[in-house]
Amino acid sequence: MMSNLKTQADVELYNTESQEDPVVSEKKGTPSDQKDMYRMGKTQELRRNFGFVSILAYSMTLMATWETVLTTLIIPLTNGGTGGAITMFLGTSIGMGFVVVSMAEMASMAPTEGGQYHWVSEFAPKAQQKFLSYVVGWLCVLGWQTGTVSIAFLVSGQIQGLMVLNNAASYMPERWHGTLLVIAVATSAIIFNTLLARKLPLIEELVLILHVLGFIVFFVTMWVLAPRSKASDVFSGFQDNAGWGNTGLSVLVGQLAPIFSLLGADAACHLSEELKDAAYTLPRTMIWTACSNSILGILMLVTFCFCLGDIESVIMTPTGQPHIQVLYNVTKSTVAASALASITLIMAVFGCVNNVATSSRQLFAFARDNGVPFSGFLSHVRWDLPINSIVVSFTVSVLLSLINIGSTVAFNSIASLGSCALLSSYIISVGCMFVKRWRNEPLLPCKFSLGRAGIWINGISVMYLIWALIFAFFPTFPHPTPDLMNWNILIYGVVVAFALVFFLVKGRKVYVGPVEYTKKDL
C-alpha cells in the first residue's frame, strides 16, 4: 500500500524531515511525530491540525458524560434507583479509569489512527498477532460505525421529547419521524466532517465552552429552583423498579448507563495522525478527558437525584426523556425547560459529528492495512481527508436508521451494539499488554509509562472490562418479551462470524497486520 514506507526514497525523506528540518507544521507534525510514523511504517497523509486544547475538546465532546448521564437516566432509575445510579457511576468511573490509563500508555507507544487493532498487532504473542489484530479491527469497525446512529438516535429522541413537551395535544411520535431525524443529524455530521473539516479544531474548542457553561447553567438552576430530597433517601435509595426480584442484580444491570456515558476512551487515538506531538499529547488528553468528564458526570447525577421528585412520574413521562420532565417540573415553564434541554441536544449533535470523524478514521486505517473489503477505495485520501471512509460511514448510518421504521427493537439492538464491540476490543488490546508484561518482554519506549504498576493496572482493567461486557448483554427488564429483549449477543455473534469467515476466505491472504510494516531496528 502507498501508505506504508517501503522504499529507500521514503527512508531518505524521513531522515531529511526528522533530522534536518525540525520545523513543526500541520502537514509534517513534529520530529517526534515523523519518527513515530517512520517506525510504524506509515506515510503522513492527513493534516496535523489538532493541538492539546482542540483534541481535549474533541474527546470531551464525544464522551459528553454529564449530558449522557441525563439522557440515559431512565436506565439506572429503573434498575437500582438513585442509590444504585450513584454507586454504579462511581464504580464504573474507577473501572474505566484503569482502562483509560492502560490505553493511554499504548497510545503513547504507537500513536496511530488504527488504535486497538494496531496495538494488538504489535503487542500480542507472535503466533496470534495476525488473527487477533484482524478480529479487533472488525470489532472497532462494528463499534464505531454503529456509534454514529446510536448517538443520532439519542438526538432524535430528545427532539421528539421536546415536541411532546410543547405540543402534547397535537404531536404523536412515529418511528419514521425518528428515522428522518437520525438521517438529518447524520447529514449535519457529514457536513462538519467534509466542508468544515479545516475548521473542526476551532469548532471543537467552541463546543467545549458550551459543554462547561451548559453544566454550570444546569447545576445552578437545579440547586436554586428545585425542591430537594433528603440525603439519606438519595444515597440509600436502592430500588428494583424493573422487577428483577433482587435489588442487587437490578443495581448491576443499571450500570449499562454509566458504561455508555464513559465509553469512548479510544476516540482521540483514532485522530493520532492529525495531532501534533501525538505520543506526548494523546495520553494526557485521554486522562484529562476521563477525569474531567467523570467529575462533571457524578456532580450532575447527584444533583438530579436530589432534585428528581417523584421517581415513578419521571420514569413514566410522556416525553420519554426523564431529564426533560425534571427540567419542566423545576422551572414550571416549557420555554425554560426547552432552552435548557437544547443544550444537551446540541452537545449530542456534536458528539455525532465527532463519532463520524472517529469511525471514518478507524475504517480508513484498517482499510490501509487491507483489513476490510474494498480497502483501496476506503483508504483513499483526498483534500487531506479519508473522504471515501467518511461517506461510507454516513451511508452506514442512513441504512441502519431505516431499520427503525420496521422494528424499533432491532434498531435499538444494533444501535447499542457498539458498547459491546468496543469493550471487547479493549479487553483484547489491554490483555495483550498484560501478557507482554507477565512474560517480562521488552516494551516500546514511550512518553507516558505506567512503570512497575503497569501489570497491576492492566490486570485490573481486564477484569473490570470482562465484568462490564457480561452486563452489556443483559436486557433492561427481566423475563423480556421479544420486543424488550437485548439482541446484542445474536448480532454481535453474527458480525464476528462474518469477520472470521472473511478472514479464512480472503483476509488471511491479504492482511498481514501493522506489525509487519514496523521498523525493527529502532
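A few points on the structure. (Residues numbered from 1 in each chain as written. Predicted model: local features only at pLDDT ≥ 70, side-chain atom pairs only at ≥ 80, totals over all residues. Heavy atoms only, no water.)

Side note on helix H17 (residues 334-368)
Working step 1: For H17, spanning 35 residues, the distance from its first C-alpha to its last is 50 Å, which sits close to the expected 51 Å at 1.5 Å a residue.
Working step 2: Most of H17 is tucked away, with 28 of its 35 residues classed as buried.
Working step 3: For H17, the N-terminal capping position is held by Ser 333, with its side-chain oxygen 3.3 Å away from the main-chain nitrogen of Val 335.
Working step 4: Of the residues one or two after H17, Asn 370 is the one with positive phi, at around 60 degrees. (Helix = DSSP H or I, 4+ residues; strand = E, 2+ residues; numbered from the N terminus. Expected span 1.5 Å × (residues − 1). Buried < 20%, exposed > 50% of the residue type's maximum accessible area, 1.4 Å probe, protein only. Polar contact = N/O pair within 3.5 Å; in protein donor to acceptor, adjacent residues only side chain to side chain.)

Observations concerning the layout of surface pockets
Working step 1: Roughly 460 Å³ of internal volume is contained in the second largest pocket.
Working step 2: For the lining of the second largest pocket, the secondary-structure elements that each account for two or more residues are helix H8 (129-166), helix H18 (375-378), helix H19 (387-406) and helix H23 (488-510).
Working step 3: Class assignment for the residues of the lining of the second largest pocket results in 16 nonpolar, two polar and no charged. (1 Å grid on protein atoms, 1.4 Å probe; cavity = no way out; pocket = protein on both sides within 12 Å on 5 of 7 lines; lining within 4 Å. Points joined across faces, edges and corners; volume = space filled by probe spheres on them. Nonpolar A, V, L, I, M, F, W, Y, C, P; charged D, E, K, R; others polar.)

Concerning empty space enclosed by the protein
Working step 1: Evaluation of the coordinates by the stated rule reveals three cavities of 30 Å³ or more.
Working step 2: Empty space within the largest cavity amounts to approximately 370 Å³.
Working step 3: Leu 62, Met 63, Ile 151, Phe 260 and Asn 355 are, among the 28 residues lining the largest cavity, the residues nearest its centre.
Working step 4: Put simply, the parts of the chain that give the lining of the largest cavity at least two residues each are helix H3 (52-63), helix H4 (65-71), H8, H17 and helix H21 (417-438).
Working step 5: The biggest single contributor to the lining of the largest cavity is H8, with eight residues.
Working step 6: Tallied by class, the residues present in the lining of the largest cavity amount to 12 nonpolar, 15 polar and one charged.
Working step 7: There is about 50 Å³ of room inside the second largest cavity.
Working step 8: Put simply, the parts of the chain that give the lining of the second largest cavity at least two residues each are helix H6 (81-109) and helix H13 (256-262).
Working step 9: Per-element tally for the lining of the second largest cavity: the top contributor is H13, with three residues.
Working step 10: Of the residues that constitute the lining of the second largest cavity, the class distribution is seven nonpolar, two polar and no charged.

Structural notes on the packing of aromatic side chains
Working step 1: Overall, the coordinates contain 20 aromatic pairs when judged by the stated rule.
Working step 2: For the ring pair Phe 131 and Phe 503, a centre distance of 5.7 Å and an interplane angle of 70 degrees mean the geometry is edge-to-face. Of this pair, Phe 131 sits in helix H8 while Phe 503 is found in helix H23, placing the two residues 372 residues apart along the sequence.
Working step 3: By the ring-pair criterion, three or more aromatic residues cluster together here, those being Trp 66, Phe 215, Phe 218, Phe 219, Trp 223, Phe 235 and Phe 306.
Working step 4: Between the NZ or CZ atom of Arg 284 and the centre of the ring of Tyr 280, over which it lies, the distance is 3.9 Å.
Working step 5: A cation over a ring is seen here: Arg 382 above Trp 383, with NZ or CZ 5.5 Å from the ring centre. (Phe/Tyr/Trp six-rings, centres within 6.5 Å; stacked < 30°, edge-to-face > 60°. Lys NZ or Arg CZ within 6 Å of the ring centre and 35° of its normal.)

Some thoughts on unusual backbone geometry
Working step 1: In the Ramachandran plot, Asn 370 falls in the positive-phi region, its phi being about 60 degrees despite a non-glycine side chain.
Working step 2: By the element assignment, Asn 370 lies in the loop between H17 and H18.
Working step 3: Even without being glycine, Trp 383 reaches a positive phi, approximately 60 degrees.
Working step 4: Along the chain, the position of Trp 383 falls in the loop between H18 and H19.

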